[in-house]
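Structural overview
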Amino acid sequence: MSADKKVVLVTGGTGLVGHAIQTIVQQEKRDDEEWIFVGSKDADLSDRDQTKALFNKYRPTHVVHLAAMVGGLFHNISHNLDFLRKNIHINDNVLQTSFEAGVVKVVSCLSTCIFPDKTTYPIDETMIHLGPPHPSNFGYSYAKRLIDVSNRAYHEQYGCLFTSVVPCNVFGPHDNFSMQSSHVIPALIRKLHDAIERGKLGSPEKTVFTVLGTGRPLRQFIYSLDLAKLFIWVLREYNSVDPIILSVDEKDEVSISTVAENIAQAFDFHGEIQYDSTQADGQFKKTASNAKLRSYMPDFQFTPFQQAVNDTVQWFKHNYNTARK
Ligand code: NAP
Ligand code: GDP
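Rules and cut-offs
Residues numbered from 1 in each chain as written. Chains lettered and ligands numbered in written order. Predicted model: local features only at pLDDT ≥ 70, side-chain atom pairs only at ≥ 80, totals over all residues. Heavy atoms only, no water. UniProt positions renumbered as here; feature names shortened; annotations may be inferred. Helix = DSSP H or I, 4+ residues; strand = E, 2+ residues; numbered from the N terminus. Contact = heavy atoms within 4.5 Å. Near = heavy atom within 4 Å. Polar contact = N/O pair within 3.5 Å; in protein donor to acceptor, adjacent residues only side chain to side chain. Areas by Shrake-Rupley, 256 points an atom, 1.4 Å probe, with all protein chains shown as cover. Axes fitted to C-alpha atoms, helices over the stretch in contact; angles between N-to-C directions. Parallel < 35°, antiparallel > 145°, perpendicular 65-115°, else oblique. Left-handed = near helix turned anticlockwise from the far one by under 90°. Nonpolar A, V, L, I, M, F, W, Y, C, P; charged D, E, K, R; others polar. Patch = residues over 30% accessible without salt bridge, like charges linked within 9 Å, V, L, I, M, F, W, Y side chains within 5 Å. Salt bridge = Lys/Arg side-chain N within 4 Å of Asp/Glu carboxyl O. Buried < 20%, exposed > 50% of the residue type's maximum accessible area, 1.4 Å probe, protein only.

Naming follows an unreviewed UniProt entry, where the chain appears as GDP-L-fucose synthase of Cryptotermes secundus. Note on the chain: under the UniProt heading Function (unreviewed entry), the record states "Catalyzes the two-step NADP-dependent conversion of GDP-4-dehydro-6-deoxy-D-mannose to GDP-fucose, involving an epimerase and a reductase reaction." One UniProt comment on the chain, placed under Sequence similarities (unreviewed entry), says "Belongs to the NAD(P)-dependent epimerase/dehydratase family. Fucose synthase subfamily."

Right, dumping it as structure tokens:
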């Protein structure tokens, strides 16, 4: 191995974002980087000894830290304590072991979900800690915010280059399509797919597409393969401890009802879309500014939303038997 070859360990490498980074890295085929993608079967990162053993095995020079307990609004509402504790343990183990192993750079993952609930818009990187998060996901939010606090402390005390990115809501191939724990796009894709299939089997019930909540909340969504390209750029080029938001532009924010219509279009479904307004809406919006990202990458082209939804639906149909559900 040449002296300056990077060995990049990707924790959470078996998930939605990890798979997308694998896809882009495989397309690039660079020989100055070796990439290693690991999941929870390789090591439970909430366990300190297993984390150390993993780092001893691979001896990374760089770490992309994706591993986390991740879920949509409804899973967060019912598991705030688990999200808090699991993620605090995973993050502390990964950052401290990276420090002890002399890792040159760590890029961890926050989320626009962790932003303050009561705030002005758009939210930028300087506002992450300026007020409590939405009560629906305070466990996940505080655990994630502590990554930024830790990064600053490792830098101040030891000069480490541990940084973080802040993606908006992510979707794409290899997402979690479980009805209990998934985010809105995979949940709605699974729901409509299964409703259409029941209809084909001759179910006497009319095929209705049920969306939870009012459909009015607004969200920014990024296609996982776009996020992967930006993540790799951060690993190679972005050398500040301060977080950087990786999101589509503010003008590309959409309502949940628009998302449902885009998914219906991808399935060529022309039946009824119903809104169950007895269910939670969560935070109304979390509009994030990507001005900092745009200052580095003014010309980055995000995949058009309908195209990314179509590709994800096609992937789900083709991989229905093996997809995470
Ligand atoms: P995901 O598909 O659910 O994947 C989670 C990954 O973490 C999997 O590889 C999983 O391994 C691993 N993992 C979970 N618990 C672990 C443990 N105890 N030890 C070791 N590995 C563990 O999640 P994702 O959507 O790709 O999320 C990746 C990162 O992006 C996370 O940090 C998340 O907070 C952040 N993020 C996600 C979104 C989104 O909308 N999805 C938005 C903003 C930020 P196995 O599958 O092998 O069990
Ligand atoms: P968030 O963006 O962090 O709030 O998480 P989600 O990706 O779970 O999106 C939640 C938003 O989608 C809320 O406004 C929900 O009311 C709405 N939504 C509509 N139907 C569903 C569904 O079946 N599952 C989920 N998770 N959210 C849904």
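Having seen it, we continue.
A few words on the side chain of T112. With respect to the secondary-structure elements, T112 resides in the loop between β4 (105-109) and α5 (138-158). In this view, T112 contacts V166, P167, C168, N169, K286 and A288; residues no more than four positions away in its chain are not counted.

Attention now goes to the site of ligand 1. Taken together, 27 residues surround ligand 1, and among them T14, S40, Y140, K144 and R324 come closest. Backbone polar atom of V17 to an oxygen atom of ligand 1: 2.9 Å apart, as the coordinates give it. At 2.8 Å, a side-chain N or O of K144 approaches an oxygen atom of ligand 1. Considering ligand 1 on its own, with 900 Å² of exposed area, one finds that the protein chains cover 88% of that surface. Elements supplying a minimum of two residues to the shell around ligand 1: α1 (16-28), α5 and β6 (169-171).

Two numbers describe how helix α6 (residues 184-200) lies on helix α8 (residues 256-266): the axes approach to 10 Å, and their chain directions differ by 45 degrees. Relative to α8, α6 is oriented oblique. In the packing of α6 onto α8, the handedness of the crossing is right-handed. Of α8, the residues touching α6 (which contributes V184, I185, L188, I189 and L192) are I256, V259, A260, I263 and A264. Class assignment of the residues belonging to the contact of α6 with α8 gives a composition of ten nonpolar, no polar and no charged.

Turning next to a nonpolar patch on the surface. On the surface, F74, I77 and L212 cluster together into a nonpolar patch covering about 220 Å² of accessible area. Among the structural elements, F74 can be located in helix α3 (residues 73-78). Residue class for F74 comes out partly exposed when judged on its relative accessible area of 30%.

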